[in-house]
Amino acid sequence: MKVAVIGLGVLGASTARALALAGAEVTVFEAAAPLAGTTGTSFAWTNSHSKEPRSYHDLNTAGMAEHDELAAESRANWLVRSGNLEWAEDPAGAERLAASVADLIGRDYPVSWITPQRARELVPDLRVPSGVQDIAFYPTEGHIFPALLVARLWGEARDRGAELRCPATVLGVSEVDGGVRLELSDGTADFDAVVLATGRWTETLTASAGYRVPMADPDAAGSATVGLLGFTRPVATRLDRVLTTPNLNVRPDGAGRLILQGLDLDADADPANPPSPDGDHARTLCNRLNDLLAGTEGAGLESFRVGQRAMPADGLTVAGFLSDSAKIYTLATHSGITLGPLLGRLAARELLTGNQEDALADFRPQRLIGQSDLPPLKPARFAGQQ
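Below: a short report on this structure. (Residues numbered from 1 in each chain as written. Predicted model: local features only at pLDDT ≥ 70, side-chain atom pairs only at ≥ 80, totals over all residues. Heavy atoms only, no water.)

### Observations concerning the overall build of the protein
Here's step 1: Along the protein, the regular secondary structure elements total eight helices and 20 strands.
Here's step 2: What you see for the protein is a C-alpha radius of gyration of 21 Å, in line with the 21 Å of a compact globule of 386 residues.
Here's step 3: Judged by the C-alpha coordinates and their principal axes, the protein covers about 70 × 45 × 45 Å.
Here's step 4: Of all 386 residues assigned to the protein, the portion counted as buried reaches 55%.
Here's step 5: For the protein, long-range pairs separated by at least 24 residues make up 72% of all intrachain contacts whose partners lie at least 6 apart in sequence. (Helix = DSSP H or I, 4+ residues; strand = E, 2+ residues; numbered from the N terminus. Rg over C-alpha atoms; globule rule 2.2 N^0.38 Å. Buried < 20%, exposed > 50% of the residue type's maximum accessible area, 1.4 Å probe, protein only. Contact = heavy atoms within 4.5 Å.)

Right, here's the structure in full:
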């Protein structure tokens, strides 16, 4: 089968790899550069917190397992599975966290309560606020280095003959007799099938095919789709895992650098007005970091970015064919880092075999096609909600 994949973020790279491994002839079209979209501006924490309905939770846990299976095949320099620590600092937060942990335990999700002393054994430089007695530890969670993951996935696809056209702007997609046609800025190209892995540009391309899948506005300031990410200069602190705390989420980013996220500050995130790496919000993040970890005195940001999340309008993943012709397959999700390798493999299997995967039954695009005026999604404002 001759298949086009549009987009070379984690979803596009995962799908291209799975298709190429199965013997398909794969051409990837990327408008700007690999990682140029959402994949390059992600906190990249693998987890299945606050994922509802249950089928979405199960899909995310399967996505975490897929990362483990991929890592078992060869050295996994892109995956750190060292766990996550979370706590609350007020009664409302403690109640919310306790309910979340109880729910996850009921779903057999690995989580346990540990003491501040044990937390400091795991993170020697951790500064646990006075009054915090119970800390949730999620041992199977971790973080991804997106560029290294995409390099692994796309490299293996390329090893098996996949080709890349970049820069290549796809203006539209249409069904034609025997396949699909891509309208490009410099002509057209025909394939047996196409996979749209275009993130926040999904709505435009699906609309060109006559099956618009509505997405939450990725440019709306302060909305659920935007968030601030601070990337520090190298700091002399000991941290090898994810921390999701009331005031700051933080994870390693390699070479002594950290990624910082303060969800309450996302109310001021605006793609049209990126923040300064030495402005007020940057100083707030660095001050919070110093309160959280010893060895971060004098920390500063190398860059401060506005991430734009690819979120279908109801907040859930989209995975499936746009029509019964089974020619145009669409992938769009806010959980791309966690789900990428799994969705790529399942999408390739559905494309090449014609068989439907039960794990994707609740996430077909038909639930959204033709829908309008859906209520806006609520922004994440506390740990685990994003």
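So, next bit.
### Describing the pairing of strand β17 (residues 258-261)
Here's step 1: Burial of the side chains of β17 extends over both faces: L258 and L260 are buried on one face and I259 and Q261 on the other.
Here's step 2: The sheet contact formed by strand β16 (residues 249-252) and β17 spans four bridges and is antiparallel. In the strand pairing of β17, V250 is matched with L260.
Here's step 3: The loop that links β16 with its antiparallel partner β17 comprises five residues; one of these, G254, has a positive phi angle of about 90°. (Pairing = 2+ DSSP bridges.)

### A closer look at the pattern of salt bridges
Here's step 1: Counted by the stated rule, this structure contains 24 salt bridges.
Here's step 2: Notably, a salt bridge pairs E73 with R152, separated by 3.4 Å at the nearest N-O pair. Linking E73 in helix α2 (residues 54-73) with R152 in helix α5 (residues 146-159), this pair joins segments that are 79 residues apart in sequence.
Here's step 3: By relative accessible area, which is 11% here, R152 ends up buried. (Salt bridge = Lys/Arg side-chain N within 4 Å of Asp/Glu carboxyl O.)

### Here we look at empty space enclosed by the protein
Here's step 1: All chains considered together, the criterion is met by one cavity of 30 Å³ or more.
Here's step 2: The volume enclosed by the largest cavity comes to roughly 40 Å³.
Here's step 3: Lining the largest cavity are T245, P246, N247, L248, N249, Q261, G262, L263, F382 and A383. (1 Å grid on protein atoms, 1.4 Å probe; cavity = no way out; pocket = protein on both sides within 12 Å on 5 of 7 lines; lining within 4 Å. Points joined across faces, edges and corners; volume = space filled by probe spheres on them.)

### Observations regarding the sheet that holds strand β11 (residues 179-184)
Adjacent strands of a sheet pair through backbone hydrogen bonds, lying either parallel or antiparallel.
Here's step 1: Judged by pairing direction, the sheet is antiparallel, and its three strands sit side by side in the order β10-β11-β12 without closing on themselves. The strands lining the two open edges of the sheet, one partner per strand, are β10 (170-176) and β12 (187-191). Pairwise comparison of adjacent strand axes, ignoring direction, gives a mean angle of 20° for this sheet.
Here's step 2: Note: β11 against β12, five bridges, orientation antiparallel. (Axes fitted to C-alpha atoms, helices over the stretch in contact; angles between N-to-C directions.)

### Observations regarding the sheet that holds strand β5 (residues 84-86)
Here's step 1: Strand order in the open sheet made by the eight strands is β6-β7-β5-β15-β16-β17-β14-β18, with mixed pairing throughout. Sheet topology places β6 (112-114) and β18 (301-308) at the edges, where each strand pairs with a single neighbour. Within the sheet, the average angular offset between the axes of one strand and its neighbour, ignoring direction, is 25°.
Here's step 2: Pairing geometry for β6 and strand β7 (residues 135-138), over three bridges, is antiparallel. Paired with I114 across the bridge in β7 is I135.
Here's step 3: Strand contacts of helix α3 (residues 91-106): β5, β6 and β7, with the helix running at about 35° to β7, the strand carrying the most contacts.

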